[in-house]
Amino acid sequence: MTTPAAHETDAVSGVPITLDDVTKIYPGQERPAVDHVSLELPAGRTTVFVGPSGCGKTTTMRMINRLIEPSSGTITIDGQDNRTLDADTLRRHIGYAIQASGLFPHMTVAQNVGTVPRLLKWRKSRISDRVDQMLELVGLDPADYRDRYPAQLSGGQQQRVGVARALAADPPVLLMDEPFGAVDPITRASLQDELIRLQEELHKTIVFVTHDFNEAVRLGDRIAVLGPGSSVLQFDTPEAILANPADETVAGFIGDDAALKTLTLRRVGDVDLGRATTARESEAPADFAARVRGADDEWAVVLDDSGRPLRWVRGDLVAGMPDLRSGGQPVTGTVTVDSTLQEALDGLLSTASATTVVVDRSGAYRGTIGIDDLVAELRRIHHHHNDPGSSEPTGPADTVERS
Ligand SMILES: Nc1ncnc2c1ncn2[C@@H]1O[C@H](COP(=O)(O)OP(=O)(O)OP(=O)(O)O)[C@@H](O)[C@H]1O
């Protein structure tokens, strides 16, 4: 197995994990909790196990770091059978974060985060530096937090410390068992954003267990939808599962809003932007009116002199306006190229023009997205995943395959 240090300069620091025909029958149980499961988890990617309570997600995950021993089958980590790895090697290679953080209540934040480095007998100064580095990574000021006890932290802060602890020895693999299950929805969303940011930087092989399909869509490069005995009902990119669920059970798990969930996977920058007719507010209405008539636009956009969108004006009313410094309706709900298409949908639902204005990072006008553009994009994605012969590019799904 390659050591974490050897990966430091690589784009991908994670390693592949393979489950080959793995079964777990708990003592005294007739039915296997995990029944002949085979899965290949790609290196440097987040794979989410999602499925109903009791289907065997946790058991499957815990067999990877041997907190649970399989009854039969083989699990390899970077090609090596995990039964041949001693406890220290497993600790060094696999971080583990669980629901409600699992922090030791009698230890400070610093002692909690330093748990695995201490077991690995790192020097004190190295542990201390690493603790500070990890706390900064998860957005907690070391000076403020390292000496607190878990009870002196909010639920979200505890989860951050849990993630910092799991990452402390820089393991290529990170197992996360419903790590954000015990916090409120807003904190949960911000922890999810943080994990996405961390993963963009770290490229670990992450295995993430959740009940929540929305969370799976948000975090997963791949989703394994599991049924009873951890049977793999579907294993694919979130987009492919949403566009083409393998069966009724998977479709039921997705819910009725597959299209809305798909919109969360695409960015505004992925689609061709529309072009509204625009004018600076210092311009004469007559010139603007002529351009709007030429383009046959129902709505047009007035920009300030720095190019930032100010107001929507009705095309047929422009000619009668005394100037462009007032009138019309304020442009609201703008999005940037980094926003999701769902955010664009939210934006356009709040405007009379049913169109969202897209701005760049400085707030200057870039283009528009209308409801027709969103419908066309959804059709394109659906067509791609339901027509194997199609060669149209699919953005995120292709990105996963390429890199
Ligand atoms: N130590 C144990 N002894 C006997 N049966 C167990 C044991 N641990 C789990 N099980 C059983 O194995 C099955 C799978 O449990 P597991 O915790 O892996 O499911 P899960 O999908 O993670 O569930 P949840 O989402 O509710 O956490 C369940 O039926 C559970 O009752």
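Above this note sits the structure.
Residues numbered from 1 in each chain as written. Predicted model: local features only at pLDDT ≥ 70, side-chain atom pairs only at ≥ 80, totals over all residues. Heavy atoms only, no water.

### Brief notes about the sheet that holds strand β1 (residues 17-24)
Across the sheet, which stays open at both edges, the four strands sit in the order β2-β1-β4-β5 with antiparallel pairing between neighbours. Each edge of the open sheet is held by one strand with a lone partner, namely β2 (34-41) and β5 (80-81). Direction of pairing for strand β4 (residues 72-77) relative to β5: antiparallel, over a ladder of two bridges. Residue I77 lies in a different strand from β5, and its bridge partner there is Q80. (Pairing = 2+ DSSP bridges. Helix = DSSP H or I, 4+ residues; strand = E, 2+ residues; numbered from the N terminus.)

### So, the sheet that holds strand β9 (residues 222-226)
The strand order β6-β7-β8-β3-β9-β10 describes an open sheet built from six strands, whose pairing is mixed. A strand with exactly one partner marks an edge of an open sheet, and here the two such strands are β6 (94-98) and β10 (232-236). Taking each pair of neighbouring strands and ignoring which way they run, the sheet shows an average axis angle of 15°. Sheet topology places β9 next to β10; four bridges connect them, and they run antiparallel. Its bridge partner lying in β10, I223 is registered against D236. Running at roughly 155° to strand β8 (residues 205-210), helix α1 (residues 57-64) makes contact with β3 (46-50), β6, β7 (173-177), β8 and β9 of the sheet. Set on the sheet, helix α7 (residues 155-167) makes contact with β6 and β7; between it and β6 the angle comes to about 165°. (Axes fitted to C-alpha atoms, helices over the stretch in contact; angles between N-to-C directions. Contact = heavy atoms within 4.5 Å.)

### Examining the site of the ligand
Surrounding the ligand, one finds Y26, Q29, A33, P52, S53, G54, C55, G56, K57, T58, T59 and H211. Contacts to the ligand include G54, whose backbone N or O atom sits 2.8 Å from an oxygen atom. Against a free-state accessible area of 640 Å², the protein chains account for coverage of 58% of the ligand. (Near = heavy atom within 4 Å. Polar contact = N/O pair within 3.5 Å; in protein donor to acceptor, adjacent residues only side chain to side chain. Areas by Shrake-Rupley, 256 points an atom, 1.4 Å probe, with all protein chains shown as cover.)

### A closer look at the nonpolar core
V113, M176, F180, F208, F213 and I223 are the most contacted members of the largest nonpolar core, which has 47 residues in total. Among residues more than four places away in sequence, those in contact with I223 are V48, V50, F213, A216, V217, Q234, F235, D236, P238 and I241. (Core = buried A, V, L, I, M, F, W, Y, C linked by side-chain atoms within 4.5 Å. Buried < 20%, exposed > 50% of the residue type's maximum accessible area, 1.4 Å probe, protein only.)

### Structural notes on the pattern of salt bridges
When the charged atoms of two side chains with opposite charge come close together, those side chains can pair. Going through the model one piece at a time under the given rule, you end up with 21 salt bridges. Salt-bridge contacts for R266 lead to E377; the nearest nitrogen and oxygen are separated by 2.7 Å. Remark: E377 occurs in helix α15 (residues 371-386) and R266 occurs in the loop between α12 (258-265) and β11 (278-280); sequence separation between them is 111 residues. As far as the burial class goes, R266 and E377 line up, both buried. Salt bridges sharing common partners tie together E239, R266, E377 and R380. (Salt bridge = Lys/Arg side-chain N within 4 Å of Asp/Glu carboxyl O.)

### So, unusual backbone geometry
Residues other than glycine seldom take positive phi values, yet H36 does so here, at roughly 50°. By the secondary structure assignment, H36 is in strand β2. Unusually for a residue other than glycine, K121 sits at a positive phi of about 65°. Position of K121 relative to the elements: it lies in the loop between α4 (115-119) and α5 (124-137). Exposure remark for K121: the relative accessible area of 73% places this residue in the exposed category.

### Considering the packing of aromatic side chains
Summed over the entire model, instances satisfying the criterion amount to two aromatic pairs. Arranged with centres 5.8 Å apart and planes meeting at 55°, the rings of F180 and F208 form a pair that is tilted. Taken together, the residues span a long stretch of sequence, with F180 in the loop between β7 and α8 (185-202) and F208 in strand β8 at a distance of 28 residues. Each member of the pair, F180 as well as F208, carries the same accessibility label: buried. If you follow R126 out to its NZ or CZ, it ends over the ring of W122, 3.6 Å from the centre. Lying over the aromatic face of F104, R165 brings its terminal NZ or CZ to 4.9 Å of the ring centre. (Phe/Tyr/Trp six-rings, centres within 6.5 Å; stacked < 30°, edge-to-face > 60°. Lys NZ or Arg CZ within 6 Å of the ring centre and 35° of its normal.)

### Topic: the side chain of Q192
The residue Q192 is located in helix α8 in this model. Excluding residues within four positions of it along the chain, Q192 makes contact with F180, E215, R218 and L219.

### Here we look at the packing of helix α14 (residues 341-349) against α15
Two elements in contact, α14 and α15, have axes separated by 10 Å at closest approach and are oriented at 150°. When the axis of α14 is compared with that of α15, the two are roughly antiparallel. Considering only the axes of α14 and α15, their crossing is left-handed. Along its contact with α14, which presents L341, L345 and L348, the element α15 presents I371, L374 and E377. Taken together, the residues that form the contact of α14 with α15 break down as five nonpolar, no polar and one charged. (Parallel < 35°, antiparallel > 145°, perpendicular 65-115°, else oblique. Left-handed = near helix turned anticlockwise from the far one by under 90°. Nonpolar A, V, L, I, M, F, W, Y, C, P; charged D, E, K, R; others polar.)

### Some points on the pairing of β1
Inspection of the sheet shows β1 paired to β4 by five bridges, in the antiparallel sense. Paired with D20 across the bridge in β4 is T74. Sheet topology note: the β1/β2 ladder contains five bridges and is antiparallel. For K24, the partnering residue across the bridge sits in β2 and is V34.

### Comments concerning the environment of V207
Summarising the element assignment, V207 is placed in strand β8. Owing to a relative accessible area of 0%, V207 belongs among the buried residues under this scheme. For the pair V207 and M176, spaced 31 residues apart in sequence, the C-alpha to C-alpha distance is 6.1 Å. Discounting residues that sit within four places of it in the chain, V207 has contacts with I17, L41, T47, F49, M61, I64, L174, L175 and M176.

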